[in-house]
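Residue strings, one per chain:
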Amino acid sequence: MNKSKLLYSAIFFHLLISFTIQAQTYLPVYFRSVYDKYSNLYINSKYDDFTDFCSQFQIDSLNIDNRNEYHMLHFFHELFTGLGATNYLKGGMLEIPYFWHWITPNPRHEIIYLPDSTSLVELNPPEEFARYKTFADIDRTPWLFLSDLVSSNPKYYHPQCGAFATFGWCSEREMAFTILMSFYGYEGKIKQSGIHTWSEFRIELSGVDGVKISLTAIVDNTFDIIKWNLLEPNIEKTDWMADIGRGETIEWYNSIAHSENERRRVQKIQISEAAAFRIEELADMYLNGIIK
C-alpha cells in the first residue's frame with residue numbers, strides 16, 4: 001500500500017472513530033445503549049411476566065424479536081413512569097416527580113431553578129414559548145422535557161421533593177415517551193379521558209404458529225401501568241393512528257408527539273459524561289432493588 005493510501009486510510013479511520021464517539025452521545029442512541037447494558041438483568045427479572053404474556057396471547061416466547069419488543073417497551077416505561085397523579089411524587093427508574101399544571105395555586109410556581117436559585121415564576125419563558133406568562137407556566141414539550149432529563153446536574157428544586165432533573169404531568173410524560181419510542185420503531189399515539197392521558201402502541205409479534213399477531217400496548221406513565229390487548233382485525237395502521245378522539249388538547253399532544261421538527265430536536269440532544277453517570281447510577285440502584 002502506498003503512502004497516499006495509508007494516509008487516506010488513517011484519515012478515514014480517525015473520522016470513523018470520531019463519528020462513532022460523537023454519535024454515542026446523542027439521546028436516542030444513548031438510551032438504547034442503556035437498555036442494552038441492562039437488558040440481560042432486566043429480561044431475567046421479567047421472565048414470569050413475559051411467559052404469562054406469551055401464554056395469554058399465544059405468542060412465541062422463544063422468538064428473540066418478540067422478547068426484545070416486549071422488554072424494551074417495558075424497560076423504557078420503567079425509566080419514565082411515575083407512581084400516581086400526586087404533586088411531588090417521584091417514581092420509576094429516573095425518579096421524575098409529578099407536578100400538576102393549570103390549577104390554582106399552581107405548584108410549579110414554587111419550583112426553584114438551581115443554576116441561579118430563582119423561582120421559575122420569576123423567569124421569562126424562552127422565545128419559542130413566548131405565549132406563556134412565565135417559565136413556570138410552559139407546557140413542557142418533548143425537547144424541553146428530555147433535554148432537562150439528561151442535563152449534567154439537576155436543574156430544579158422544590159422543598160417537597162428536593163432536586164430533580166425534569167418534571168411533568170401526564171401529557172408531558174406521554175409526549176416525550178411517544179416521540180422517544182419512535183426512534184426504536186414503536187408506532188404510538190396519545191389518548192385522553194377527561195384530563196388524563198396515556199400512550200398506546202401498535203405492535204406486531206410472532207405467534208406460536210408463526211402468524212403475526214397485532215396487539216395494542218396501553219402505557220400509562222403516570223400510574224405505572226402497561227396493559228396489552230389484541231387489536232381488532234382488519235384495522236389499517238392509518239385508521240388506528242387517526243383514532244385519537246376529538247378536542248384541541250389531544251390533537252395538540254399528538255401533533256407535538258409526531259412533529260418531525262420536534263423529533264429532529266430530540267435526536268440532536270447530547271449526553272455528557274456527568275449525565276450518563278447520574279442516569280446509570282439511578283438505573284443501577286433501581287434494578288438492584290435499592291429503590292424499587
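Residues numbered from 1 in each chain as written. Predicted model: local features only at pLDDT ≥ 70, side-chain atom pairs only at ≥ 80, totals over all residues. Heavy atoms only, no water.

Caption draft 1: Structural view of the environment of Leu180. Relative to the helices and strands, Leu180 resides in helix H6 (residues 170-181). You can call Leu180 buried: its relative accessible area is 0%. Those residues in contact with Leu180 that sit more than four places away from it in its chain are Leu27, Pro28, Phe31, Phe76 and Phe80. (Helix = DSSP H or I, 4+ residues; strand = E, 2+ residues; numbered from the N terminus. Buried < 20%, exposed > 50% of the residue type's maximum accessible area, 1.4 Å probe, protein only. Contact = heavy atoms within 4.5 Å.)

Caption draft 2: Just the sheet that holds strand S7 (residues 212-220), in detail. Spatially, the 4 strands line up as an open sheet ordered S5-S6-S7-S8, and their pairing is antiparallel. With partners counted over all chains shown, the strands left at the sheet margins are strand S5 (187-193) and strand S8 (225-230), one partner each. Averaged over neighbouring strand pairs, the angle between their axes works out to 30° when direction is ignored. Relative to S8, helix H4 (residues 64-80) is tilted by about 145°, and along the sheet it contacts strand S6 (196-206), S7 and S8. Where H6 meets the sheet, it contacts S5, S6 and S7, and its direction lies at approximately 25° from that of S6. (Pairing = 2+ DSSP bridges. Axes fitted to C-alpha atoms, helices over the stretch in contact; angles between N-to-C directions.)

Caption draft 3: Looking closely at helix H8 (residues 248-257). All of the buried residues along H8 are Ile250, Tyr253, Asn254, Ile256 and Ala257. All buried residues of H8 lie within an arc of 160° about the axis, which places them on one face of the element. Contacts from the buried residues of H8 go to helix H5 (142-149), H6, S5, S6 and helix H9 (260-267). (Arc of directions from axis to C-beta.)

Caption draft 4: Local environment of the packing of aromatic side chains. For the structure shown, the criterion picks out 29 aromatic pairs. Every member of this aromatic cluster is reached through a ring pair, and the members are Tyr30, Phe31, Tyr35, Tyr42, Phe75, Phe76, Phe80, Phe145, Phe177, Tyr184, Tyr186 and Phe201. Above the ring of Trp143, the side-chain terminus of Arg265 is found at 4.1 Å from the ring centroid. (Phe/Tyr/Trp six-rings, centres within 6.5 Å; stacked < 30°, edge-to-face > 60°. Lys NZ or Arg CZ within 6 Å of the ring centre and 35° of its normal.)

Caption draft 5: Structural detail: the side chain of Ser199. Secondary-structure assignment places Ser199 in strand S6. Given a relative accessible area of 0%, Ser199 falls into the buried group. Among the polar contacts listed, one links the side chain of Ser199 to the side chain of Glu174, at a separation of 2.6 Å. Polar contacts involving the side chain of Ser199 include one to the side chain of Thr178, which spans 3.2 Å. (Polar contact = N/O pair within 3.5 Å; in protein donor to acceptor, adjacent residues only side chain to side chain.)

Caption draft 6: Representation of the pairing of S6. Most of S6 sits inside the fold, with 10 of its 11 residues counted as buried. Pairing analysis gives 7 bridges linking S5 to S6, with the strands arranged antiparallel. Looking across to S6, one finds that Lys189 is bridged to Glu200. Between S5 and the antiparallel strand that follows it, S6, lie 2 residues; Gly194 among them carries a positive phi value of about 65°. One ladder, built from 8 bridges, connects S6 with S7; its direction is antiparallel. The residue bridging Arg202 from the neighbouring strand is Thr216, located in S7. The antiparallel hairpin formed by S6 and S7 contains 5 residues in its connecting segment, where Gly210 sits at a positive phi of about 90°.

Caption draft 7: View of the pattern of salt bridges. All chains considered together, the criterion is met by 8 salt bridges. Where Arg265 meets Glu128, a salt bridge forms, and the shortest distance between an N and an O atom there is 2.8 Å. Here Arg265 is found in helix H9, whereas its partner Glu128 is found in the loop between strand S2 (118-119) and H5, with 137 residues between them in sequence. Residue classification places Arg265 among the partly exposed residues on the basis of a relative accessible area of 23%. By relative accessible area, which is 46% here, Glu128 ends up partly exposed. Through salt bridges that share partners, Arg140, Asp148 and Lys155 make up one connected network. (Salt bridge = Lys/Arg side-chain N within 4 Å of Asp/Glu carboxyl O.)

Caption draft 8: Local environment of the sheet that holds strand S3 (residues 156-158). Here we have 4 strands laid out as an open sheet, ordered S2-S1-S3-S4, and antiparallel in their pairing. The sheet terminates laterally at S2 and strand S4 (162-164), the two strands that pair on one side only. In terms of strand pairing, strand S1 (residues 112-113) meets S3 through 2 bridges, oriented antiparallel. Note that in S3 the partner of Ile112 across the bridge is Tyr157.

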